Every structure is written in structure tokens, then in C-alpha cells.
Amino acid sequence: MGLGKLGKLLGTHVGMVPNPVSQRTREARSRLRGASATVSVCPYCAVGCSQVVYTKDERVIDVEGNYESPINGGTLCPKGAATAGLMGSPLRVTTVKYRAPHSDHWEDRTLDWAMGRIAQLVKETRDVTYEARNQQSVPVNRTLGIGHLGGATLDNEENYLIKKLFSAGLGIVAVENQARI
Amino acid sequence: MTATRGGASPAGPKGQPAQRPGALGFLTDTTLCIGCKACEVACKQWNGLPMDNIGWTGNSYDNTGDLGATTWRHVTFVERIADQAGRRPATLQPFQSNWLMMSDICKHCAHAGCMEACPTGAIVRTEFESVVIQQDVCNGCGYCLPACPFGVPEISDTDGKAHKCTLCYDRLTDGLEPACAKACPTDSIQFGRIDDLGERATERVASLRERGVEGAHVYGDQDVGGSGGIGGLNAFFVLTAPPEVYNLPRRPELPQRKSVRGYLATAGAAVIFGAAAFFSLRER
Amino acid sequence: MPGLGARLGRGAATTTQQSLAESDCIVIMGANMAENHPVGFRFVMKARERGARVIHVDPRFSRTSALCDVHVPLRAGSDLVFLGALVNHVIQHQKYFREYVVHYTNASVIINPEFKDTEDLEGLFSGYNAAERRYDPDTWQYAGQQTKPAPEEDPAQSAEPRPQVVGQISDPPQTDPSLEDPHCVFQLVKRHFARYTPELVERACGVPRTLFLEVAEAITRNSGIGPDGVDRTTAFCYAVAWTQHTIGTQIISCCALLQLLLGNIGRPGGGILALRGHSTIQGSTDIPTLYNLLPGYLPMPSSAGEGDRSLEDYLRHYRPETGAWHAMPNYVVSLLKAWYGTAATPANEFAYHLVPKIEDDYSFQPMLLMMRQGIMKGLFCMGQNPAVGGQNTVLARRALATLDWLVVRDVHEVETAAFWYDAPEVRDGEVRPQDIKTEVFLLPAAIAAEKEGSYTNTQRLVQWHDKAVEPPGDARSEAWFLYQLGKRLKELYAGDDSPQGRQIAALAWDYPTLDGSSSGDPDLQEVLKEINGYTVADGQPVRDFTALRDDGTTAGGCWIYSGIMPQAGRNLARSRKGDGRASLEWGFSWPANRRLLYNRASADPQGNPWSERKKWVWWDAQEGRWTGYDVPDFPLTKPPGYRPAPGAKGLDAHAGDSPFVNMADGKGWLFAASGLRDGPLPTHYEPFETPVHNLLYPQQPRNPAARHFPRPDNRYHEVGDARFPYVITTYRLTEHHTAGGMSRWVPWLAELQPEGFVEISPELAAIAGVDNGGWVTLSTLRGEVEARAMVTERLQPLTIDGQALHQIGMPWHFGFGGLARGAIANDLSLLVEDPNSLIHEAKSFTCNLRPGRLVQTRAQAGAQTGALRR
């Protein structure tokens, strides 16, 4: 170990005597081992990058680009690369929040209560504002009392259900999304 | 290796995942970089690194500042838009120009100052020739910090240990390419065998010069970037401006070598470094 | 986008991102592609690697500019001058692709001699009704054509675009293939653009004429009949920096006109790529959550005037005799069957009467006013954040505060949910929570990988995402929310015989749930099957839209998506086999899996590829069918030499050299006889707010057909108002997404751009006395905001008609919530509409800039500038 001693003096001991590899290093493996892979699409812009979502025990452990996509070929932009961060966002809202009229604070409510209350409000507003015919007595079957915004970040099937329920079923005509924003 | 649903595969054709041992590293070609920072985020995502929370700097679009304990890829932005008279150019040289963006990273030096300075043996050279700080060994002494000519390792406020890029050691052991290279949308970050990447870099520089990018050069060979006893970098770059513009030292030196110079004759040092080089080839 | 629809037949991107790699020249204008579509930009880089010329035309030097060969800095809002000058250049220098133009466009068609151009009428076309700020397009028609009164000519409907159903051709048009007749389209176009010269570009855009000519040379060299024959193609990429103008539709239509002249539409490496900003913004237009459209670009029926009282009326108004749209009844009736199921019968016109009728403009901006006026009392916001992303957001938040109730469904507590306690006006004490009556619900939403469903990307590609995990806690998909809400409402209305009770009762709303429970998620494969269409008798999916019928035997929710599920259980949106070319087995591209639209134009009139290098779809004479790398966007067995018999209907009325199948005459429309509300030809008008007078038409500074909303809370700056001397343009950054709801709360993104800022040139900074990083206050008559200044040479003053003009850039992502915060750029912007798309004008308006923070400067300068916080 003469060289080693000299090396240490000169600060070059590593390289002459390899540092021991620790147990943790020896056992280092990708956390994707044993994970399930599910193909998704990036939720951000309209490029349409294919993603692979890796999960273990029903938890997302990693989201990466899908090599097989003819569009992104495994790559992602910073937003796409942050998809796991979006899904696991520490500030993500996971419970229903309710603010009563004129209140200065949120209250916690159950999802079931909120669904019931919203349905009731929709019916009340719709019943008050519904027009079966316009002033020229043309049949119109509509309400201007309720509006909808959003759709460009949802799924096509959800957009279909929005238009179907809100317009065809409830007569809501002011249904709009970000296409004009 | 992993259960696959819906046609996904964890590794594919891009970047030649490391199926066999040997020197692996990065070629970061700045001429292809669009400054999107996908590499920064992909790195943080894979390695579970928290946000830096530096705040708005006003320094172009760089708000993460520098490589550090929680930023292992860092995109430098250098605005060199106008000429001295303040005129903005309209016709630009091919590929990236005037607003320079470079994704910086640990250079995984052939002779790594950090490793040589580490008194605990925490820093090892892996079977891929990458340089890794073993977190279960590091005691946070910080000797590696001044030993790095590039200022890469940093002590974390959280655990008090030194941290830096591992070249995604855990991914390499499973044949996956590093997260940053995989994410890079424009292949500015290329991962592969050092030999191949070196050839690619040389060809790229030649091709760029042919197309009129006169300043194109490789940063990370033994002349520029990998000098001063470093013996070349395993993460090297194609740049179009002098290294100083990107805040990179043109001729870095191992600090150990600087001290050596004062005490020993060059010949003696050559013996030592020759021996070091011999041992560093141990994995081949 | 009607700008494309009115000239080409469909409002969507004509090409794919991958096809850009085949381009010889790419012009990115009205877009910042490297920043906002980084992964799509890789195909630009591939083209660049192969030697393509890449040009960025943009007021700012952005990350896109840094990667291009040429950066053309132009004044925000002057795009149409630049494009018009390219059109003029192409015509004057005989650089147009004559054979393409003669056969595939309406260049040779004779227009009604009564037509008067803006050159004749000082900036107006014939037919202008000044009192109603709208055009009567009678004189814009093909000569000798009966002009069939369409509802779009009804004044009460002036705000309802009918972009997709364009053209009523009753007889074969009169033509002059020599293109010499003074009333032929080509001559009208030539004359219209004659004053759009390089000199005008220099004066109006601030672009040196030599630089303009460099761009003109690049695109003509790389298009049509260039030096290399027909081997080269040029592509244009645009985004909302074209749409968000009061002449946005015409800017885009001018690009379509130019690309038709150059013969670039339908050819690989050519075309126009609309770069859209949200994951399925294309899908949400195809299957529209838009007030004036039914799925598949069918017009929403209207009650204005005589109204579309019956299905018969509706079809009489909108169904053209010729072209693909002639099959419209199949699509409408199938939609009604999908919506109303057994309640839709031949006897009751398939329950057409239940479809609500529109009567006015209920698009986003008027909606805000409807809220302010108390007409609209309840609002759902699903993944949209109008408190930040709307226009005149001071007004928008006041509108939210006027509602009785508001349901926000999002993943974070976005500003739209938190406005009542956290908005600047509340924190300043100007508004108190106790004065806001709005009942607010914030319901947590699921993210893509927590549910299954499909997105349609920027190139019309529908891709399915599988479900990886359950959403956390109370988070649910919108599908769950809608399905469960619908079921609750059906219960609440059970037995209610009122008109509104009968409407909801008739709705077919019974989807199987995935877990079989009544509270579960609806099976979206079933919803997709309904969108695709199915045979009512056996529930089996139809193979494509040609199988849809108008007799009630088929149901189908969106005809252009028919074929996405050609057999039960076979979901082509979920097909995942890519290849190096068209990747026909990766996802499904509407219509009928066609990837490049109008691809019949990739072959010459005889059906042979124009060039071997750019071959894509061609006629196989032996097989008697069109073939190629793509699915032909053309009747498969119609020979190139086919000529229609007199009186032929639908697609049979189109000759074999008519690639634009949705147009009434099958031709690309250089001259848009219908479909555009502000003129058949693109004309430059200044932005609604501008420091500059209109150099072309001094009498008409602004788009004469633009819709505006003058109100005390939406005041406008007059042209050249010295109090607001600067042009401001808003935009996005790579690191954030739209109004920030999916990025500003995410640590890894927040740290990259942690705070709002404005970008100004060193020259403006010197005038204002601001250093880099110093605070500035921006003001308009709508609002005032403060932000720190990034002083950068990436912005530069331009010389406009001899005067220095300064432009200010401000990212609009930021708000008062989340980790990355900042002033809301849209507190400055205005409500105003392009007459076709009803899109606002955030890409160019005017403001003032003062050094210092808001509180410091408001007292000193607020009164002086007349700026009001509200």
C-alpha cells in the first residue's frame, strides 16, 4: 500500500485503490422493476405525447415518454415530465370544498351532499329561467340562466357528455370552452 | 422485467440503453437545445429531488441558478442578442444562436477531483465509468466541493450530505437510459458509449463548421474542458461560443494537481498519474 | 378555425407534426413553437437537420427564434400586411403554382360583377351595413349564381359563425381558365393585394424590405414550381398569436390563400399546422363544448328571425346541394337518435324540437356580460380558470361575484374558485367576501392517467389514454360527475310534464358503469361507441360515416369520428403501432383516419404524384382507385378525369380534380364567397387598440365587422391615444400551462418560472427609467398591474411609419394562487371579438408603463392617465 499512502498524501488515493462499493450502491436498481406500465397521453398541450405511467401498489411511481409514439418517441417537455408531480401535487385538492353565500371561509362537505345540492340548484335556476318559446313563439327549449366553461383539457367523451346533458338534456346553450380563449 | 399493459416498453431504441458495461456518458449538443428544461424536471422527477425555491432572478429564463444538491441538470441561458451597436440580427447562424442555452451537468470526469478528495471513500467510479456519491457512506465533510473544478457537488440542507448527478446509476443497472436524455425532446442530450459520442461530437462540429457555425467546438476533451489532469470528460458538450460564455472553465485543473505541482517534479507526478490511470482502467 | 374552414373546407390543421420533417421551408408565425410545443418542434429540428430553411416571424426573439435561420421582428397586429405582401409578391413575380391554382382553386371563377373591393370603397367591401356593423354578402357570390338566403345573413345572427358549411353552388360556375377576366377570382385577388408591397411592410410592420424579400424568396424557392421543379414544399405553423386578433380569422385565411397559391396544401411537408394549446382543444371543437356548434361541425339551430323551427327548416338552411356536406341529414338525424334515443322518431322529426335554439352570441365574452347582467345565474367551470385566463379579468371576477352559484371542478384551488377571498380587489378591501353572494363548490377532478378516455391532438389525431390509478380522495372524472348529475336531475324531474321536464326525460342517459354499481363511472367505451355511431337495431358500431342514415336506423354522436370504433370492442384511438411514415395504426385521425387533409392535391390533375420525392396519394389506374401512404381524402374510386353530370348532387357533383371535398365546388377558395363575416378577401385592419393609423385604409382603422362591448367596465383606448402609447402582447412560457391550474401549483414547474414578469427592451427601459428586475406598473382603462421588468434585447423597438414603437411582452399564466404567482396580465386586456371566431384580441392592445409599484404610482399617476382599477 505504499502507493496508497503516497496517494493519500497527494489526495489521489482513489483510482489506485478503488473505494469500496457500498451495499446500497450494489443493490441499486431501477424502481421500475416489478412496476405496472399503463399507456396514457400527456394532459398538458395538444402535441399529444404518449406517456407510460408506472405504478406499484396503485401508486404512481414514475411517468415517462413512450418510446413507441411516432410523435414524441420517448421524449417529453418539462410539463409532460412533471406529470407525476401534477398527479401527486402536494397542493392538490382531494376533498370537496364549499363556500356558502356571503361566507368568508371554506367548509368541508361530502361529495354526495355536494352532488345533491348542485342538482337542486341546477333545477331551481333552470325552472326559473327556462324558455320553451321565445317572444316570437318560436320553440326554443333553452335556458340562459346556466352556463358552462371548459372542455379543452377534458376527454372527448366528457365533452360529448357535457354537450349532451347540458344542451340536449337541460337546454343550456351557453356552453363554451377554451377554444376562444 | 416490468409488467406491461397497452404496448408500453420501459426501454427502446433511443440512446442505446446500457446493456453492456463500459464507459457511458452524455453528449450535450447545445446547438439542438431549445432551453425547455425538460431535463431538469425529468431528473428531479426520477431522482425525487425537491424544488429549489430560489425565486425569480431576472437573469434571462434561468431561475434555478446553478447545479446543486437538488438540481443535477441545469439549463444556463445566455442572451447575446444584439451587436455592439445594439442592432438585433435577423439572419442567424444555423441552429441555436444569439440566445444560448446549455444543459449543464456533472462531467463525470475521467479523473474526478471529487472522488480523489473524498476522505471517506463515499465517491466511487462505477462499472459505467460514472462517478457516484454513495449516500450511505458520505458523511458530508464537503471536501469534494472545492475539489470539483466545475462546482458540481453541493451539500444538501436537508440531509447534510453531498449530492450530484449519478448518471441515473439505478436506471443504468437496469438498462434504462438516464432520465434527462430520455426526456430531451430535441436530442440535445444524447446518451451512449463515450467512444461513439466522441465520434459523433467530432462529426457534428465538422458539419456545423461546414454550415457556417465557425465557433463550434467540443468541450470536454483533454484540451478544453477535460484538461489539467482530468483526462477528459464523460459528459461533454458541443458549444458554439467560448466556454467562459457558458460559465464553464476553459482549462480546468484538478486542484490536487495544482498542489502537486509545487512539491514534486513533473516526472514524479507523471508516475503517480500514470498509476492512477492504470487503476482507473480496472473495469475494462 | 373558420380561417381555414372558409377556404379549405375544414377548420383543422391540414397536416401533421411529423410531416414537418419533410418540409423544405417552415415559417413559424403567430406561434412560439419551441416554447409552447417543444416536442412538436423536434420535427422542425429534423427538417432543419436535412437542410430546411426555418423562419420565425414574431415581435419577440424567443426560444423559437434562437433555433431558426431567420428571425423577423414585426409589430404585433401587423401580420396580415406581411402575409398580404407575400401573396402580392407571389402573384407579381409569377411564383404561383399555376397548374395547381387553375385546377384546385377557384382562381378562374367569375365573381358577381357587382362586387366591390376594399380598394374601391376605402377599406370596405360591397354590402356593408354600417348601422349593424355587418356585411350582406350578396355581391360576393359567383356570377350567375342564385344566392340562397342563409341564416348567417340574418342580422340577428351576425355573431354566429357558420364556418364549416360553406358554399351554395346551384350551377357550374362560369370560369376563365386563362385567369385574365377582370372579374375572375385571380384578378380580384391580384388587385386586392397590389398595395401590399415590401415598402408597406417596412412602414406598417417595421420589417426592413430586404428582410421581407429574404422570406419571400425562401418560401417561393421552396414551393410549387421552384428551381427544383415541384419537389419542394413549405409549411406554415401558427397558433393563437394569429387567432387572438380582431382580424385573426382573416390572418389565417390569408395564410390558406397563400398556401393555395403556392400549391402547398395537401402535399407532404406543406400545409398549415394549427398548433393548439390544450390536450384536446381540437377534440372539444370537433365534439364541441361550444355554443354555436353541434358535434361534427353541424350548426347549432337558431331561433333568430324565422328560425330553424323544424328539422326541415334546418336542413333547408344549411344543407348544400353539392359537396360532402350534402350528406348532412344522415349526421343530424343520427345525432338526434344518439341524444334522444327512443324519444326520437320519424313522426316527431327525431325530437329536433328538443334541441335548444340559440338566438345571440353566447360565446365566452358575452357570457361574462350575461353574468354581470344577472341573466346567467349559475356556472360550471371544468378545468377552465376564467379569473385568470379570461379577458378583462377584473370584469370576469366581478361576473363570478354576481352569480348565484358556481361549480369549479379542478385539481387545484384555482383563482376561479378562490376569487371571493383571495382576489386582489378583495385583499385590497375594495370588495368584501360578505358582499359576495356566490355559493361556490370546489370539486376535485381526476387527471388523465386516473381515468380512461381520448384526447384529440393538434393534428386531429385521437389517442386513448388508459387508466393507471384511481383518482385520490373525492376526485372524480368529469364523466362520472356528468353521468351522476344527469341521473340525479332525471330523478328530480321524474313525472314533471313541463317543457323542461319533458326535455330531460327524453334524453338517452343510461350507460353501463364499469363496476356495475349505480354510483360508478360510466363505461367510456360505450360513450365512444355512441360517438362513433351504431345501428339502432343491434347496437353494433357503424364502420364509418357513410353508414350513417337519416331514417332513424342509426345513431351517432359525432359523424367525423365515425370509424374510430369500426367493430365492437375495437377502439382505433387505442391502436398503438407507429411506423416511419403516416403511422396509420397509431391512433385515429378524423375524418376516416386521413392524416394529411386534401391529400388528393398531392397528385396532379391526372392523378400522378407531382413529384417522386413528395408523393403521398395517387391514382392507381389498374386498380381503379386512389392509393398511397395515407388514406385518400377523396372518393376512393372516383377517377381523376371524372366530370359530373348536370344536376349531380353531393360529391358526385365534384369533378375528379376537386380535392377540397367539403367545399360546394370542391375547390380551395382564394375568394370566399361565403363563410367569412368580414369579407371574401383578407384585409388589414389595425388592432382594436393601436397606436398606429391604418396606412392602407385611413378611413377604416379597425375591422368594420368586429364585435365590441363598450361599457364603463370595458373601456377602450382610441386609436393613437397618447396616454397608452405602447403595444402589449401576452403569451405563454414553456414552463407553465395556460392559466396555470396545472402548473403553478406543481413545485417542479413553479421553480422554473416562479413569478410573473414583463419583458421590455433596453430602449424602453431607458425611456421609462427602469432597471432589469425593477418594478413597473402597467395600466389600461380596464385595470392596472405591477410586475418586475425583465429588460432584454430580445425585445426591440420598431420603426413604424417613421416613428419608434415600443412593444411590451407579458406572460399571462400568473395569478394570485399556487406557488408561482404574479399579476394577472388579463386584468389589462379587453373584451372584443373577431366576427368569425368570436375570439378576443390579447395579442395586440395598448397600455402605459410607469416605473415603480402599483401602490406607489397609483396616487401619482392614476388620475393622470385616467386609468381605473375597475
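Residues numbered from 1 in each chain as written. Chains lettered and ligands numbered in written order. Predicted model: local features only at pLDDT ≥ 70, side-chain atom pairs only at ≥ 80, totals over all residues.

A.B. asks: Explanation requested: the overall build of chain A in the structure shown.
C.D. replies: Helix and strand content of chain A: six helices and eight strands. Secondary structure of chain A in N-to-C order comes out as α-α-β-β-β-α-α-β-β-α-β-β-α-β. Taking 16 Å as the expected radius of gyration for a compact globule of 181 residues, we find that chain A reaches 28 Å, considerably beyond that expectation. Counting the 181 residues in chain A, one finds 63% classified as buried. Within chain A, residue pairs in contact and separated by at least 24 positions form 31% of the contacts whose partners lie at least 6 positions apart. (Helix = DSSP H or I, 4+ residues; strand = E, 2+ residues; numbered from the N terminus. Rg over C-alpha atoms; globule rule 2.2 N^0.38 Å. Buried ≥ 20, exposed ≤ 12 C-beta atoms within 10 Å, placed from the backbone. Contact = placed C-beta atoms within 7 Å.)

A.B. asks: Could you clarify how one ought to interpret the overall build of chain C in this entry?
C.D. replies: A count of helical and extended segments in chain C gives 25 helices and 29 strands. Within chain C, buried positions represent 69% of all 870 residues. Residue pairs in contact within chain C that sit at least 24 positions apart in sequence constitute 71% of those at least 6 positions apart.

A.B. asks: What exactly am I supposed to notice about the sheet that holds strand S2 (residues 53-57) of chain C here?
C.D. replies: Backbone hydrogen bonds hold the strands of a sheet together, and the pairing may be parallel or antiparallel. Residues and elements named next belong to chain C. The strand order across the open sheet built from five strands is S3-S2-S1-S6-S7, with neighbouring strands paired in parallel fashion. Of all strands in the sheet, those bounded by a partner on one side alone are strand S3 (70-72) and strand S7 (272-274). Neighbour-to-neighbour, the strand axes of this sheet turn through a mean angle of 15 degrees, independent of strand direction. Looking at chain direction, strand S6 (residues 234-238) and S7 are connected through three bridges and run parallel. Bridge assignment links Tyr-238 to a residue of S7, and that residue is Ala-274. The strands touched by helix H11 (residues 248-261) within the sheet are S6 and S7, with S6 carrying the most contacts at an inclination of about 175 degrees. (Pairing = 2+ DSSP bridges. Axes fitted to C-alpha atoms, helices over the stretch in contact; angles between N-to-C directions.)

A.B. asks: Honestly, the interface of chain C and chain A in this entry has me stumped. Any pointers?
C.D. replies: The figure often quoted for interface size is the accessible area lost as the parts come together. The partner chain A presents 104 residues to the 132 residues of chain C that form the contact. Grouping the amino acids of the side of chain C that touches chain A by side-chain chemistry returns 71 nonpolar, 45 polar and 16 charged. (Nonpolar A, V, L, I, M, F, W, Y, C, P; charged D, E, K, R; others polar.)

A.B. asks: Mind showing me how you'd approach helix H13 (residues 311-318) of chain C here?
C.D. replies: What sets the pattern is the α-helix's 3.6 residues per turn: residues three or four places apart point alike. Residues and elements named next belong to chain C. Among the residues of H13, those classed as buried are Leu-311, Tyr-314, His-317 and Tyr-318. Along the axis of H13, the buried residues cluster in a sector spanning 130 degrees; they form a single face. Residues of H13 that are exposed and point over 90 degrees away from its buried face: Glu-312 and Arg-316. (Arc of directions from axis to C-beta.)

A.B. asks: Would you mind going over the interface of chain C and chain B with me for this structure?
C.D. replies: Counting from both sides, the interface comprises 38 residues of chain C and, opposite them, 37 residues of chain B. Those elements that place two or more of their residues in the side of chain C that touches chain B are helix H3 (41-49), helix H4 (63-66), S3, helix H23 (747-750) and strand S24 (784-791) of chain C. Residue composition of the side of chain C that touches chain B, by class: 20 nonpolar, seven polar and eleven charged.

A.B. asks: Please explain the domain arrangement of chain C as it appears in this structure.
C.D. replies: Residues and elements named next belong to chain C. Taken domain by domain, chain C comprises domain 1 (2-274), domain 2 (283-357 + 503-573), domain 3 (364-452 + 467-494) and domain 4 (707-865). Averaged C-alpha coordinates put domain 3 and domain 4 at centres separated by 26 Å. Domain 3 puts 22 residues into the contact, and the matching count from domain 4 is 24 residues. Of all elements in the fold, only helix H15 (364-372), helix H16 (386-389), helix H17 (393-400) and helix H18 (415-422) reach the threshold of two or more residues within the side of domain 3 that touches domain 4. Of the residues belonging to the side of domain 3 that touches domain 4, the class tally is ten nonpolar, eight polar and four charged. (Domains from an automatic or database assignment.)

A.B. asks: For this particular structure, what's the right way to read the packing of helix H5 (residues 79-92) of chain C against helix H9 (residues 209-221) of chain C?
C.D. replies: Each packed pair of helices is defined by two parameters, the angle between the axes and the distance between the axes. All names here are of chain C. Contact geometry of H5 with H9 gives a least axis separation of 10 Å together with a crossing angle of 60 degrees. Considering their axes alone, H5 and H9 lie oblique with respect to each other. When the axes of H5 and H9 are compared, the crossing they make is right-handed. For the pair formed by H5 and H9, the contact residues are Ala-85, Leu-86, His-89 and Val-90 on the first element and Phe-212, Ala-216, Ile-219 and Thr-220 on the second. (Parallel < 35°, antiparallel > 145°, perpendicular 65-115°, else oblique. Left-handed = near helix turned anticlockwise from the far one by under 90°.)

A.B. asks: What am I meant to see in the pairing of S6 of chain C here?
C.D. replies: Side-chain direction in a regular strand flips from residue to residue, so the side chains alternate between the two faces of the sheet. Residue and element names in this part refer to chain C. With five of its five residues buried, S6 lies for the most part within the structure. By the bridge criterion, four bridges tie strand S1 (residues 25-29) to S6 in an arrangement that is parallel. The residue bridging Cys-25 from the neighbouring strand is Thr-234, located in S6.

A.B. asks: I tried to follow the confidence of the model for chain C on my own but got confused; where do I start?
C.D. replies: Should pLDDT be low for a region, the predicted coordinates there are not to be read in detail. All names here are of chain C. Confidence in the prediction of chain C, expressed as mean pLDDT, is 94, and 96% of residues score 70 or more. Segment residues 149-165: pLDDT under 50, and 47 contacts once partners within four positions in sequence are set aside and those in other chains are kept. A low-confidence stretch, residues 862-870 stays under pLDDT 50, and its non-local contacts, those more than four residues away or across chains, total 16 contacts. Prediction confidence for the complex, expressed as pTM and ipTM, is 0.94 and 0.96 respectively. (pLDDT = per-residue confidence, 0-100.)

A.B. asks: Where do I start with the sheet that holds strand S10 (residues 217-219) of chain B in this structure?
C.D. replies: Residues and elements named next belong to chain B. Judged by pairing direction, the sheet is mixed, and its four strands sit side by side in the order S9-S2-S11-S10 without closing on themselves. Edge strands, defined here as strands with exactly one partner in the open sheet, are strand S9 (189-193) and S10. For this sheet, the mean angle separating the axes of adjacent strands, direction not counted, is 25 degrees. Sheet analysis places strand S2 (residues 24-29) next to S9, joined by five bridges and oriented antiparallel. Pairing of Leu-24 across the sheet is with Arg-193, part of S9. Each of S2, S9, S10 and strand S11 (235-239) touches helix H6 (residues 194-210); the most contacted strand, S9, lies at about 135 degrees to it.

A.B. asks: What is the right way to read the confidence of the model for chain A from this model?
C.D. replies: Per-residue pLDDT for chain A has a mean of 91; in total, 91% of the residues score no lower than 70. In this model, residues 1-16 of chain A is a region of pLDDT below 50 whose contacts with residues beyond four sequence positions or in other chains number 31 contacts.

A.B. asks: What is the right way to read the packing of helix H6 (residues 156-169) of chain A against helix H20 (residues 478-492) of chain C from this model?
C.D. replies: Axis separation between H6 of chain A and H20 of chain C bottoms out at 9 Å; the angle between their running directions is 25 degrees. Here H6 of chain A lies roughly parallel to H20 of chain C, going by the angle between them. For the crossing formed where H6 of chain A meets H20 of chain C, the hand is left-handed. Taken together, the residues of H20 of chain C that come into contact with H6 of chain A (itself represented by Glu-157, Glu-158, Leu-161, Ile-162, Leu-165 and Gly-169 of chain A) are Glu-478, Ala-479, Leu-482, Tyr-483 and Gly-486 of chain C. For the contact of H6 of chain A with H20 of chain C, the per-class residue count stands at six nonpolar, two polar and three charged.

A.B. asks: Help me understand the environment of Pro-512 of chain C in this model?
C.D. replies: Within the secondary structure, Pro-512 of chain C sits in the loop between helix H21 (499-506) and helix H22 (524-532). Along the primary structure Pro-512 of chain C and Ala-787 of chain C are separated by 275 residues, whereas in three dimensions their C-alpha atoms are 52 Å apart.

A.B. asks: Looking at this structure, I do not really get the nonpolar core. What am I missing?
C.D. replies: Soluble globular proteins tend to pack their nonpolar side chains together in the buried interior. In terms of nonpolar packing, the biggest core is built from 415 residues, with Ala-42 of chain B together with Ile-26 and Tyr-238 of chain C touching the most fellow members. Look past the residues within four positions of Ile-26 of chain C in its chain and what remains in contact with it is Leu-20, Val-44, Ala-47, Ala-52, Val-54, Ala-235 and Cys-237 of chain C. (Core = buried A, V, L, I, M, F, W, Y, C linked by C-beta atoms within 7 Å.)

A.B. asks: What's the story with H20 of chain C in this structure? I'm lost.
C.D. replies: Under the 1.5 Å per step criterion, the end-to-end length of H20 of chain C is 21 Å for 15 residues, consistent within 8% with the ideal 21 Å. What H20 of chain C keeps buried is the set Glu-478, Ala-479, Trp-480, Phe-481, Leu-482, Tyr-483, Gln-484, Leu-485, Gly-486 and Leu-489 of chain C. (Expected span 1.5 Å × (residues − 1).)

A.B. asks: How should the environment of Ala-218 of chain C be read in this particular structure?
C.D. replies: All names here are of chain C. With respect to the helices and strands, the residue Ala-218 is situated in helix H9. Exposure remark for Ala-218: the 21 C-beta atoms within 10 Å place this residue in the buried category. Residues Ala-218 and Pro-2, spaced 216 residues apart in sequence, show a C-alpha to C-alpha distance of 28 Å. Setting aside residues up to four positions removed in sequence, Ala-218 forms contacts with Cys-25, Arg-53 and Ile-55.

A.B. asks: Help me understand unusual backbone geometry, please; the structure alone is not making it clear to me.
C.D. replies: Glycine aside, the phi torsion of most residues is negative, and most peptide linkages are trans. The step from Trp-590 of chain C to Pro-591 of chain C runs through a cis peptide bond, and the omega angle for that step is -10 degrees. By secondary structure assignment, the location of Pro-591 of chain C is in the loop between strand S17 (588-589) and strand S18 (617-620). One non-glycine residue, Asn-247 of chain B, adopts positive backbone phi at about 65 degrees. Within the fold, Asn-247 of chain B resides in the loop between S11 and helix H7 (255-263). Look at Asn-247 of chain B and you get partly exposed, because 13 C-beta atoms sit within 10 Å. Even without being glycine, Arg-133 of chain C reaches a positive phi, approximately 50 degrees. Turning to its location among the elements, Arg-133 of chain C is positioned in the loop between strand S4 (128-129) and strand S5 (134-135). Exposure remark for Arg-133 of chain C: the 18 C-beta atoms within 10 Å place this residue in the partly exposed category.

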